[in-house]
Amino acid sequence: MKLVIQGKNIEITDAIRSYVDQKITKAVNHFKHLTNEVDVNLSVAKNGKTPPQQSAEVTLYINGAVVRAEERSENLYASIDLVANKITRQLRKYKEKRNGRNTSSVKPNDALLSTDSPTADVSALLNKAPTLPDAVLRTKYFSMPPMTVAEALEQLELVDHDFYMFSNAETGEINVVYERNHGGYGLLQPRQHHNDQQAAAEPHTADVA
């Protein structure tokens, strides 16, 4: 298994490299047959008013899936410890869901989707003026194999984010599943075949769970 370590605003010393190798290798040891490469990104965010936040991010690519974890603290070694524990939990969750999917005869969508789910009101978000940074701070590329909404929800639990963009296997469209503030999940879909120009510009949303 290949371990790739990168740093931002930090020098990757031999001591840091050795510690990452020890902790991350141990964390993924029982799952190393699932992936050939583990990417580790270490960074320091400096703010004059508060102590520097030192982050550790781990990403694995497994059969088209992305398993990701990130932790930050005022101590880099503590962040590495925390992210190693989290990635182990994420991998265990991935393995349990995969095993459960192989043994279950129930379609995942049947348990998670409802045709009469109410449409979420996102007008406040659409009318809010966007605030963007002056420049793109970070660009990520990842494969997007077609998947069901249920599979996208599983991915959402693995990437340590509050949203997940995917290619819907049933429609061929780009959709987004996200965690709702009041619990459950939502699904963002593009509107199609609407004469109303304003309605066509609004994404369609539905509750997923």
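## Details of the overall build of the protein
Part 1 of the argument: A count of helices and strands for the protein gives six helices and eight strands.
Part 2 of the argument: Put simply, the protein runs from its N terminus to its C terminus through helices and strands in the order β-α-β-β-β-α-α-α-α-β-β-β-α-β.
Part 3 of the argument: Long-range contacts, defined here as pairs at least 24 residues apart, represent 46% of the contacts in the protein between residues at least 6 apart.
Part 4 of the argument: Carbon and sulfur atoms make up 49% of the accessible area of the protein, which amounts to about 13400 Å² in all.

## Points about the side chain of Thr-35
Part 1 of the argument: Assignment of secondary structure puts Thr-35 in the loop between helix H1 (14-27) and strand E2 (37-47).
Part 2 of the argument: Reaching out from Thr-35, the side chain makes a polar contact with the backbone oxygen of Glu-37 at a distance of 3.0 Å.
Part 3 of the argument: A polar contact is formed between the side chain of Thr-35 and the backbone oxygen of Tyr-61, at a distance of 3.4 Å.
Part 4 of the argument: Dropping the residues within four chain positions of it, Thr-35 is found in contact with Met-1, Leu-60, Tyr-61 and Ile-62.

## A word on the pairing of strand E3 (residues 50-62)
Part 1 of the argument: By the bridge criterion, nine bridges tie E2 to E3 in an arrangement that is antiparallel. Opposite Asn-41, over in E3, you have Glu-57 as the bridge partner.
Part 2 of the argument: By the bridge criterion, nine bridges tie E3 to strand E4 (residues 65-73) in an arrangement that is antiparallel. Opposite Tyr-61, over in E4, you have Val-66 as the bridge partner.

## Side note on the nonpolar core
Part 1 of the argument: Membership of the largest hydrophobic core comes to 27 residues, with the highest contact counts inside it found for Leu-42 and Ile-87.
Part 2 of the argument: Looking at this core, the elements with two or more residues in it are H1, E2, E3, E4 and helix H2 (76-103).
Part 3 of the argument: For this core, the element with the highest residue contribution is H2, accounting for seven residues.
Part 4 of the argument: Apart from residues no more than four positions distant in its own chain, Ile-87 is found in contact with Ala-27, Val-28, Val-58, Leu-60, Val-67, Arg-68 and Ala-69.
Part 5 of the argument: In terms of nonpolar packing, the next biggest core, distinct from the first, is built from 12 residues, Val-149, Tyr-164, Phe-166 and Tyr-185 among them.

## Topic: the pattern of salt bridges
Part 1 of the argument: Tallying each qualifying case throughout the model produces five salt bridges.
Part 2 of the argument: As a salt-bridge pair, Glu-70 and Arg-68 come within 2.4 Å of each other at their nearest N and O atoms.
Part 3 of the argument: A salt bridge links Arg-72 to Glu-70; the nearest nitrogen and oxygen atoms lie 3.0 Å apart.
Part 4 of the argument: Here the salt bridges share partners, and the residues they tie into one network are Glu-57, Arg-68, Glu-70 and Arg-72.

## A word on the side chain of Asp-39
Part 1 of the argument: Summarising the element assignment, Asp-39 is placed in strand E2.
Part 2 of the argument: Of the side chains with opposite charge, Lys-2 comes closest to the buried, unpaired Asp-39, at an N-O distance of 7.5 Å.
Part 3 of the argument: Once you skip the residues sitting within four places of it in the chain, Asp-39 turns out to touch Val-4, Glu-57, Val-58, Thr-59 and Tyr-61.

## Quick word on the pairing of strand E7 (residues 185-189)
Part 1 of the argument: Counting buried positions along E7 gives four out of five residues, so the element sits mostly inside the fold.
Part 2 of the argument: Here strand E6 (residues 174-179) runs beside E7; their pairing, made up of four bridges, is antiparallel. Paired with Glu-179 across the bridge in E7 is Tyr-185.
Part 3 of the argument: Following E6, the chain reverses through five residues before pairing antiparallel with E7; Gly-183 in that reversal takes a positive phi of roughly 100°.

## Concerning the packing of aromatic side chains
Part 1 of the argument: With the rule as written, the count across this model stands at one aromatic pair.
Part 2 of the argument: Between Tyr-19 and Tyr-77 the ring centres are 4.8 Å apart and the planes differ by 80°, which places this aromatic pair in the edge-to-face class. Remark: Tyr-77 occurs in helix H2 and Tyr-19 occurs in helix H1; sequence separation between them is 58 residues.

Rules used in this analysis
Residues numbered from 1 in each chain as written. Predicted model: local features only at pLDDT ≥ 70, side-chain atom pairs only at ≥ 80, totals over all residues. Heavy atoms only, no water. Helix = DSSP H or I, 4+ residues; strand = E, 2+ residues; numbered from the N terminus. Contact = heavy atoms within 4.5 Å. Areas by Shrake-Rupley, 256 points an atom, 1.4 Å probe, with all protein chains shown as cover. Polar contact = N/O pair within 3.5 Å; in protein donor to acceptor, adjacent residues only side chain to side chain. Pairing = 2+ DSSP bridges. Core = buried A, V, L, I, M, F, W, Y, C linked by side-chain atoms within 4.5 Å. Buried < 20%, exposed > 50% of the residue type's maximum accessible area, 1.4 Å probe, protein only. Salt bridge = Lys/Arg side-chain N within 4 Å of Asp/Glu carboxyl O. Lys, Arg positive; Asp, Glu negative; His and termini not counted. Phe/Tyr/Trp six-rings, centres within 6.5 Å; stacked < 30°, edge-to-face > 60°.

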